[in-house]
Amino acid sequence: MKILVTGSNGLLGQYLVRDLALAGHIVVATGRGTCRLQIGELPGALYSEADITDEQAVWQLVSGAAPDVIVHAAAMAQPDACELDKEACYKTNVEATRYFCKAASALGAKMVYISTDFIFSGDNGPYKEDDITGPVNYYGQSKLEAEETVKNMLKDWAIVRTVLVYGNILAGTRSNMVTWVKENLEKGNSIKVVNDQIRTPTYIEDLSEGIKRIIEKNESGIYHISGKEVFTPYEMALQVADYFHLNKNLMEKVDASVFTQPAKRPLKTGFIIEKAEAVLGYSPVSFKEGMKRMFEGKP
Ligand SMILES: NC(=O)c1ccc[n+]([C@@H]2O[C@H](COP(=O)([O-])OP(=O)(O)OC[C@H]3O[C@@H](n4cnc5c(N)ncnc54)[C@H](OP(=O)(O)O)[C@@H]3O)[C@@H](O)[C@H]2O)c1
């Protein structure tokens, strides 16, 4: 299959491009600015630069690539940045999704849209695919509006929602919960970690595999793809400290209310993944196994 992956310089995009190319698909990776992937090492993959907020650029990209499937992973994905610059967030998360839907519709491509647990209120997670949505911040609102855009504009679509993704940082990608805790404790820095939120953290390679299965099995509809274990961020941090024999006394257990972040966070999210298990045969690793895979063979 020919697959266009947006956000390919980002955490998920880099793994997806690698995994889809290694599975034998032709992959057109697209991102902002220069390519941060080792694209030359991936047979059947090429990089095409595009700013997804430019409608004309999106049309040229999609019509030039003529993909069977578009995996739309690019986003303004940091809730605080979205809260502080709602206009940029709307352009990136909602309007750009509309441009990709328009092109997908014109060219008959399937769309796999990557979404988030932040479309839920966090009042009563973990959530199933058909639970009622209710975002508590602008990032969540924008991702929910993009989901609606996909559903309304396209016949052939899948939406993959995921939660608190962790994994090795490839070139130029942001830190995540595991790398943040490990790096700080290794440096002897004290950290405050929230203990009144719950999540089902997702190992990046599981997420990439789940998306690949949706594409290869030609599935559609909404899928919750995350880990299976429910943790508070503090519980995750404890596991990281235990795994790497780091000093737990540097960690302070706090409530989310002590942070004065611009964007409110949903308290209890996380996913019930029974649909993905039944339909896709999706089987995520434990958090401990995810850490093992991240650092296997690494000092
Ligand atoms: N990471 C998580 O825990 C998590 C949880 C739930 C859902 N998600 C969703 O998963 C998807 C992938 O997230 P991620 O963690 O891989 O995020 P990421 O590392 O921030 O990747 C997003 C990518 O989108 C690109 N992008 C942003 N604006 C763009 C523009 N105007 N034109 C072209 N590219 C643009 C960014 O480019 P630059 O690199 O140049 O900034 C970045 O490479 C997102 O849709 C996110 O909402 C992530």
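Computed from a prediction, not measured in an experiment: that's the story for all the values here. (Residues numbered from 1 in each chain as written. Predicted model: local features only at pLDDT ≥ 70, side-chain atom pairs only at ≥ 80, totals over all residues. Heavy atoms only, no water.)

1. Looking at the pattern of salt bridges
For the coordinates displayed, the defined rule picks out 17 salt bridges. For K228, the salt bridge identified is with E277, shortest N-O distance 2.8 Å. With K228 in the loop between β10 (221-224) and α8 (233-243) and E277 in helix α9 (residues 274-280), the pair connects residues that are 49 residues apart, well separated along the chain. Classification of E277 by relative accessible area gives partly exposed; the value is 25%. A salt bridge links D242 to K248; its shortest N-O distance comes to 2.7 Å. Here K248 falls in the partly exposed class, since its relative accessible area comes to 36%. A single network of salt bridges, built from pairs that share partners, joins E209, K212, R213 and E216. (Salt bridge = Lys/Arg side-chain N within 4 Å of Asp/Glu carboxyl O. Helix = DSSP H or I, 4+ residues; strand = E, 2+ residues; numbered from the N terminus. Buried < 20%, exposed > 50% of the residue type's maximum accessible area, 1.4 Å probe, protein only.)

2. Some words on the side chain of D206
Note that D206 resides in helix α7 (residues 204-216). In this structure D206 is buried but unpaired, with R293 as the nearest side chain of opposite charge at 5.2 Å. (Lys, Arg positive; Asp, Glu negative; His and termini not counted.)

3. Concerning the packing of α8 against helix α10 (residues 287-295)
Where α8 meets α10, the closest approach of the two axes is 11 Å, and the angle between their N-to-C directions is 50°. In terms of orientation, α8 lies oblique with respect to α10. As for the relative orientation of α8 and α10, their crossing is right-handed in sense. Contacts between α8 and α10 involve M236, Q239, V240 and Y243 on the former and, on the latter, F287, K288, M291 and K292. For the contact of α8 with α10, the class distribution of residues is five nonpolar, one polar and two charged. (Axes fitted to C-alpha atoms, helices over the stretch in contact; angles between N-to-C directions. Parallel < 35°, antiparallel > 145°, perpendicular 65-115°, else oblique. Left-handed = near helix turned anticlockwise from the far one by under 90°. Contact = heavy atoms within 4.5 Å. Nonpolar A, V, L, I, M, F, W, Y, C, P; charged D, E, K, R; others polar.)

4. A look at the sheet that holds strand β2 (residues 26-31)
Strand order in this open sheet of seven strands is β3-β2-β1-β4-β5-β6-β10, and the pairing throughout is parallel. Whereas interior strands pair on both sides, the edge strands pair on one side only; in this sheet they are β3 (45-49) and β10. Between one strand axis and the next, the sheet turns by 20° as a mean value, whatever way the strands run. Looking at chain direction, strand β4 (residues 69-72) and strand β5 (residues 110-116) are connected through four bridges and run parallel. Across the sheet, residue V69 finds its bridge partner in β5, namely K110. With respect to the sheet, α7 is in contact with β1 (2-6), β4, β5, β6 (157-162) and β10, its orientation differing from that of β6 by roughly 165°. (Pairing = 2+ DSSP bridges.)

5. As for the packing of aromatic side chains
Counted under the stated rule, the structure contains eight aromatic pairs. Between Y243 and F244 the ring centres are 4.9 Å apart and the planes differ by 75°, which places this aromatic pair in the edge-to-face class. Assessed through its relative accessible area of 27%, Y243 is described here as partly exposed. Of the aromatic side chains, those joined through ring pairs into one cluster are Y166, Y203, F231 and F287. Stacked on the ring of F244, the Lys or Arg K182 has its end atom at 5.1 Å from the ring centre. The lysine or arginine in question, K275, covers the ring of Y223, its NZ or CZ lying 4.3 Å from the ring centre. (Phe/Tyr/Trp six-rings, centres within 6.5 Å; stacked < 30°, edge-to-face > 60°. Lys NZ or Arg CZ within 6 Å of the ring centre and 35° of its normal.)

6. Details of the site of the ligand
Not every one of the 25 residues close to the ligand is listed here, only the nearest: L12, R36, Y139, K143 and V165. One of the backbone nitrogen or oxygen atoms of L11 is found 3.0 Å away from an oxygen atom of the ligand. L12 places a main-chain nitrogen or oxygen 2.9 Å from an oxygen atom of the ligand. Relative to its unbound accessible area of 890 Å², the ligand is 87% covered by the protein chains. Broken down by secondary-structure element, the contributors of at least two residues to the shell around the ligand are α1 (11-22), β5 and α5 (138-153). (Near = heavy atom within 4 Å. Polar contact = N/O pair within 3.5 Å; in protein donor to acceptor, adjacent residues only side chain to side chain. Areas by Shrake-Rupley, 256 points an atom, 1.4 Å probe, with all protein chains shown as cover.)

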